[in-house]
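Remarks on the overall topology
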Amino acid sequence: MDAGENRLPRKAGRPDCVHSGPTCGGGYLLLLVFFLLGAGIVISGWLYCRRQEKQYIAGMAQQLSIIAELKARDLAQYRKERLADGSVFCQNASFAALARRFLEKPDDADAQGQLEAWFEECRPQYDQVRLLDAQGVSRLSLPAGLPAVSDPVARELAGVLRSGRVSFQDFYRSEQDRRVHLGVLAPILDEKNARQPLGVLFLRIDPDSWLYPFIKRWPGASRTAETLLVRREGNEAVFLNELRFQTNTALNLRAPLDRVALPAVQAALGREGFMEGVDYRGEPVLAALQVIPDSPWSLVARMDVAEALGPIREEGWRVAAMIGALLFGAGACVGLVWWQHRVRFYREKARTTEALQGSEVRYRRLFEAAQDGILILEAGSGIIVDVNPFLIGLLGYSRESFLGKKLWELGFFKDIVGNQARFAELQRKKYIRYEDKPLETSDGRRIDVEFVSNVYPCGEEEVIHCNIREITDLKRAEKKILKLNAELEEQVSARTAELQAACAELESFSYSVSHDLRAPLRHVMGFADMLQKDAGPSLSEKSLSQLKIIHEAAERMGELIDDLLAFSRAGRVELQKTGVNLDELVRETLGDFQAETKARNIAWQIQPLPPVWADHNLLRQVLANLISNAVKFTGARAGAKIEIGCAPVTNGETVVFVRDNGAGFDPRYAHKLFGVFQRLHSAVEFEGTGIGLANVRRIIGRHGGRTWAEGAVGGGATFYFSIPNQNGGNHGH
Amino acid sequence: MDTEIGDIRNILLVEDDPRDVELTLAALEEHHLANQVLVVHDGAEALDYLCRRGKFKTRAGGHPIVVLLDLKMPKVNGLEVLKAIKADECLKIIPVVVLSSSRETPDLVECYKHGVNAYVVKPVDFADFMKAVKHLGIFWAAINEPPPQTGRKEESD
């Protein structure tokens, strides 16, 4: 393969860039599908999780609230019970009497003994019981010998003495043992002295014994849940119990009220219900708040969000895992589709390439083996990119002298595309064809060629395909044909001229006959008649008879001339063929004979006849001649019979006959019947000029039909003529 | 003058053959029309007469009431005469009857094409001929009303 051959197949490489488009498009589409699918999966998973979480949180809130409520109720009950304990002493007259006796006489051992017995009764609930007088001085205690009451208790004591009502000593830290306590202060009212308080009974409670454990207790297992008690002190919320995750918090841990995210602060502010917030450790928590009635306390039941939402978080992970699996699955599916797409594409491409190569081979063979010269040019530049072996052989130039040249640079094409202007014309018209511009071969011969050039698109470029066919032989033959035609034309015109001369001669002959032969006859008859008229009486019988013979002879001559002229005319007039209704024509023609046949007894048999394609007037002459003959030759018969009909249609022609039972003829002379002036009967027997049947034959002949007759002497005669049908007539005559 | 036909009009017979002239005049004579007939022997003479030229320069009278015209004549033939008459604004109103031996279609067609007023084939049979010419004479001389400018006998005298 050389450079030239490499130019054309370049097309085979092209589809690469063309095909990459659809592949990329498919890839993007699949990617988009994947992203949409993924987004759908993720969004629905997320929505599902959110919904689950909300439901779960609602459940948790309810659970926490129930716990808080129950605890608050129990705490309220606990406070009520403690106050009731106080009331037992406060409104007990005998205890009051006993207390007065002891206070008035501190060394009354009996009274002291009885009081200590009372105190002992309280011991399970209270770690200290002591009796204080109206001045707040501790007079008797269990266990014995206790120091003075703590400051908070002393402050509360004054209020109780004033009001005379049982009061709850809230949580306080004792400055003696540094521990947290609370208690009940019950005034002992003096029945005798207008219920003035004699003193106060202080029942101290150690919260560690029951209260703190109760608060701490959580129904069910939990890692982070706890309940805690707070109260408001000024601008602070004070934690009242020990916490789960921090020690030494009771009355020590405080939070300012502006830390509103803290459930303890919210509780201290008197809020109730469920909240999400951040607890004392900074952990996000869920909390239920409950105010404990008739107390400064508020209860918080809280749980870390981490634990509370643990199960739902787990669920979330499961969902996430599922989403991951789904995403992977979708990705795999899309990938599979894409892969199959690629496989199909490459298979298709391989097949196309194969087909293209096969096609290339076939067309290359065609190009190589063509018996026409072929040139392939770049349409834009006019540079020859390929030339087939036939053209090289035809012109005798080497392959190299073609390739890479522009068409108009090749001398031997100068007549065809001699300059760029003509080449531009070709580019515009896309097609040119010449066969009048010969090429010159390398050895100087001039050969006639047919040069056809087409421009057509090939990929993105245009290619010009030039077909060069040697037509030297064709041209030679053409020239010969033209010459022969010219000669023929000459001969034809010569013959035509001769024919025209002959026709003109015939014409002038007829004209002469009409004028010049008739005139003497007329004179013969005219003067003979005048002679008879003028000299008739003086002439002899014989002379008169001779004059009569002159007259008759001239008359007959006139008839002959007329018939001959009619015969001549029948041969010359132009045929004007139309559809002729034969039935009607026969009826018309018979009408002409009515006068002649009125006196005779003729049996007419007229069959239905088909329409024919003929000259109406001439056909009428034919029928008139034949009917006239039939009438004439049956003249001697008593039972004359004349039949007109048609034979079965054959061979694309209509055959009509006229049959009579008259004198007939000798079949041996049948061939003479249709000749001019031929007669088979003597003038004495039957008058006539012998022109009629010749005229019939001539007219039918001009229609392409035939005429013939059958008959026997004394046995009648049948005359036939045929008329070819309009489209099917073969001229058989 | 015989006044059997009444108003007598002149007839121009153009005929080269003296025998035909004789026969025609004989036929017309039977009805006393012959002496109204002026005979000229060829087409040129006929045109001279009609156009008052040559020897007819000083002739009296107007146009003939009819021209009986033979076709085959020496010099100027009948068809040429017919054409000349019918092409002339003055003469075209004169009725022209062709009297010919010919029944040939081209003759008939040409004559009618050029405006002939009648075409009579001269029969070979003398009796027929007499009859035809007689009818012709009577028709044109007595029955037909001629165009206004044609000369009457009285005026031409």
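Since the structure is predicted, the reported quantities are computational estimates derived from the model, not experimental observations.

**Section: the overall build of chain B**
The helix and strand tally for chain B stands at six helices and five strands. Split into buried and exposed, the 157 residues of chain B put 37% on the buried side. Pairs at least 24 residues apart make up 72% of the contacts formed inside chain B by residues separated by at least 6 positions.

**A short note on the overall build of chain A**
Along the backbone of chain A there are 18 helices and 25 strands. The buried share of chain A, reckoned over its 733 residues, is 26%. Summarising the internal contacts of chain A: among those between residues at least 6 apart in sequence, 57% fall at separations of at least 24.

**Observations regarding helix H4 (residues 93-104) of chain A**
For H4(A), built from twelve residues, the straight-helix expectation of 16 Å at 1.5 Å per residue is met to within 8% by its first-to-last C-alpha distance of 16 Å. Where the residues of H4(A) are buried, they touch helix H5 (109-122), strand E1 (128-133), strand E2 (138-142), strand E4 (180-190) and strand E5 (196-205) of chain A.

**Some details on the sheet that holds strand E4 (residues 96-100) of chain B**
Remark on secondary structure: sheet strands pair via backbone hydrogen bonds, oriented parallel or antiparallel. All names here are of chain B. Strand order in this open sheet of five strands is E2-E1-E3-E4-E5, and the pairing throughout is parallel. Only two strands of the sheet have a single partner each, and these edge strands are strand E2 (37-40) and strand E5 (118-121). Along the sheet, successive strands turn relative to each other by an average axial angle of 20 degrees, direction set aside. Sheet topology places strand E3 (residues 66-69) next to E4; three bridges connect them, and they run parallel. Bridge pairing links valine 67 to valine 96 in E4. Of the strands in this sheet, strand E1 (11-14) and E2 are in contact with helix H2 (residues 43-51), which crosses E1 at around 160 degrees.

**Observations concerning the nonpolar core**
Core analysis: the largest hydrophobic core is formed by 72 residues, its most contacted members being A:Val200, A:Val230, A:Ala264 and A:Leu299. At eight residues, the largest contribution of residues to this core is made by helix H3 (residues 15-90) of chain A. Residues contacting A:Val200, with those up to four places away along its chain left out, are A:Leu132, A:Leu157, A:Val160, A:Leu161, A:Leu185, A:Ala186, A:Pro187 and A:Ile188. Counting residues in hydrophobic clusters, the runner-up holds 41 residues, among them B:Val14, B:Ala46, B:Leu71 and B:Phe129.

**Brief notes about the sheet that holds E4(A)**
Residue and element names in this part refer to chain A. Within the open sheet, the five strands sit side by side as E2-E1-E5-E4-E3. Their pairing is antiparallel. Only two strands of the sheet have a single neighbouring strand rather than two, namely E2 and strand E3 (167-173). On average, each strand axis in the sheet is inclined to that of its neighbour by 20 degrees, with strand direction left out of account. Bridge analysis of E3 against E4 gives five bridges, and the strand direction is antiparallel. Each bridged residue has a counterpart across the sheet, and for glutamine 169 the counterpart in E4 is glycine 183. Running at roughly 50 degrees to E2, H5 makes contact with E1, E2 and E5 of the sheet.

**Section: the packing of helix H14 (residues 541-572) of chain A against helix H18 (residues 692-702) of chain A**
All names here are of chain A. Two numbers describe how H14 lies on H18: the axes approach to 9 Å, and their chain directions differ by 5 degrees. Classified by the angle between their axes, H14 and H18 sit roughly parallel to one another. Contact residues: Ala566, Phe567, Ala570 and Gly571 in H14; Ala694, Asn695, Arg698 and Ile699 in H18.

**Some remarks on the interface of chain B and chain A**
By convention, interface size is frequently given as the accessible area that disappears when the constituent parts associate. Contact residues are listed per partner, giving 17 residues for chain B and 16 residues for chain A. At the level of elements, helix H1 (18-29) and helix H5 (126-143) of chain B are the ones that each hand at least two residues to the side of chain B that touches chain A. When residues of the side of chain B that touches chain A are assigned to their parent elements, the largest contribution, four residues, is made by H1(B). Here the residues of the side of chain B that touches chain A are counted per class, giving six nonpolar, three polar and eight charged.

**Observations concerning the pairing of strand E24 (residues 707-711) of chain A**
Of the two faces of E24(A), only the one carrying A:Thr707, A:Ala709 and A:Gly711 is buried; A:Trp708 and A:Glu710 on the other face are not. In textbook terms, the turn of a hairpin is the stretch between consecutive antiparallel strands, and for E24(A) and strand E25 (residues 717-724) of chain A this stretch comprises five residues, one of which, A:Gly714, has a positive phi near 75 degrees.

**Quick notes on the packing of H1(B) against H5(B)**
Residues and elements named next belong to chain B. Interhelical geometry of H1 versus H5 gives an angle of 65 degrees and a closest axis separation of 8 Å. Crossing handedness for the pair H1 and H5: right-handed. In contact with Leu23, Thr24, Ala27 and Leu28 of H1, H5 contributes Phe129, Met130, Val133, Lys134 and Gly137. In terms of residue class, the contact of H1 with H5 is built from six nonpolar, two polar and one charged.

**Observations concerning the confidence of the model for chain A**
Detailed conclusions should not be drawn from predicted coordinates in areas where pLDDT is low. Residue and element names in this part refer to chain A. Confidence along chain A averages 83 in pLDDT terms, with 92% of residues attaining 70 or more. Of the regions scoring below 50 in pLDDT, residues 1-22 engages in 21 contacts with residues more than four places distant in sequence or in other chains. Predicted confidence for residues 729-733 stays below pLDDT 50, and this span has 13 contacts to residues more than four positions away or in other chains.

**With respect to the confidence of the model for chain B**
All names here are of chain B. Looking at chain B as a whole, its pLDDT mean stands at 80, while 89% of the residues score no less than 70. Mean pLDDT in chain B bottoms out at helix H6 (residues 153-156), which sits at 41, and peaks at helix H3 (residues 78-87), which reaches 90. Per-residue pLDDT stays below 50 along residues 1-9; that stretch engages in 16 contacts with residues further than four places along the chain or on separate chains.

**Thoughts on the pairing of E25(A)**
Residue and element names in this part refer to chain A. Taking burial as the measure, the eight residues of E25 include six buried ones, the bulk of the element. One ladder, built from eight bridges, connects strand E23 (residues 653-660) with E25; its direction is antiparallel. Residue pairing across strands places valine 656 opposite phenylalanine 721, the latter belonging to E25. Examined bridge by bridge, E24 and E25 share five bridges and lie antiparallel to one another.

**Section: the environment of A:Leu64**
All names here are of chain A. Looking at the secondary structure, you find leucine 64 in helix H3. Leucine 64 sits in the buried class, given 25 other C-beta atoms within 10 Å. Linking leucine 64 and leucine 289, residues 225 residues apart in sequence, is a C-alpha distance of 8.9 Å. Apart from residues lying up to four places away in sequence, leucine 64 is in contact with Phe274, Leu286, Ala287, Ala288, Ala301 and Met303.

**Some thoughts on unusual backbone geometry**
Residue and element names in this part refer to chain A. A cis amide bond links leucine 142 to the next residue, proline 143, at an omega of -10 degrees. Structurally, the position occupied by proline 143 is in the loop between E2 and helix H6 (151-163). In the Ramachandran plot, asparagine 248 falls in the positive-phi region, its phi being about 55 degrees despite a non-glycine side chain. Phi is positive for aspartate 294, which is not a glycine, with a value near 55 degrees. On the basis of neighbour counts, which here come to 11 C-beta atoms within 10 Å, the residue aspartate 294 falls in the exposed class.

Parameters and conventions
- As a convention, each chain's residues are numbered from 1 in the sequence order in which they are written.
- Chain A is the first chain written and ligand 1 is the first ligand written, with later ones labelled in order.
- Reporting in this predicted model follows two pLDDT cut-offs: at least 70 for local features of residues, and 80 or more for side-chain atom pairs to be given and counted; totals over whole chains, interfaces and linings ignore these cut-offs and use all residues.
- Counting from the N terminus, the helices are DSSP H or I runs at least four residues long and the strands are E runs at least two residues long.
- Exposure classes come from backbone-placed C-beta atoms, where a residue is buried if 20 or more other C-beta atoms lie within 10 Å of its own, exposed if 12 or fewer do, and partly exposed in between.
- The contact rule is simple: place each C-beta atom from the backbone, and if two of them lie within 7 Å, those residues are in contact.
- Each residue after the first adds 1.5 Å to the expected span of a helix.
- DSSP bridges decide pairing: two strands pair if at least two such bridges lie between them.
- What counts as an axis is a line fitted to C-alpha atoms, over the stretch in contact for a helix, and the angles between N-to-C directions run from 0 to 180 degrees.
- A set of buried Ala, Val, Leu, Ile, Met, Phe, Trp, Tyr and Cys residues, joined through C-beta atoms within 7 Å, is what we mean by a nonpolar core.
- These descriptions rest on fixed angle ranges, namely under 35 degrees for roughly parallel, over 145 for roughly antiparallel, 65 to 115 for roughly perpendicular, and the rest for oblique.
- For this classification, Asp, Glu, Lys and Arg are treated as charged, while Ala, Val, Leu, Ile, Met, Phe, Trp, Tyr, Cys and Pro are nonpolar and the rest, including Gly, are polar.
- By convention, the crossing between two helices is left-handed when the near helix turns anticlockwise from the far helix through less than a right angle, and right-handed when the turn is clockwise.
- Per-residue confidence from the prediction method is given by pLDDT, with values spanning 0 to 100.

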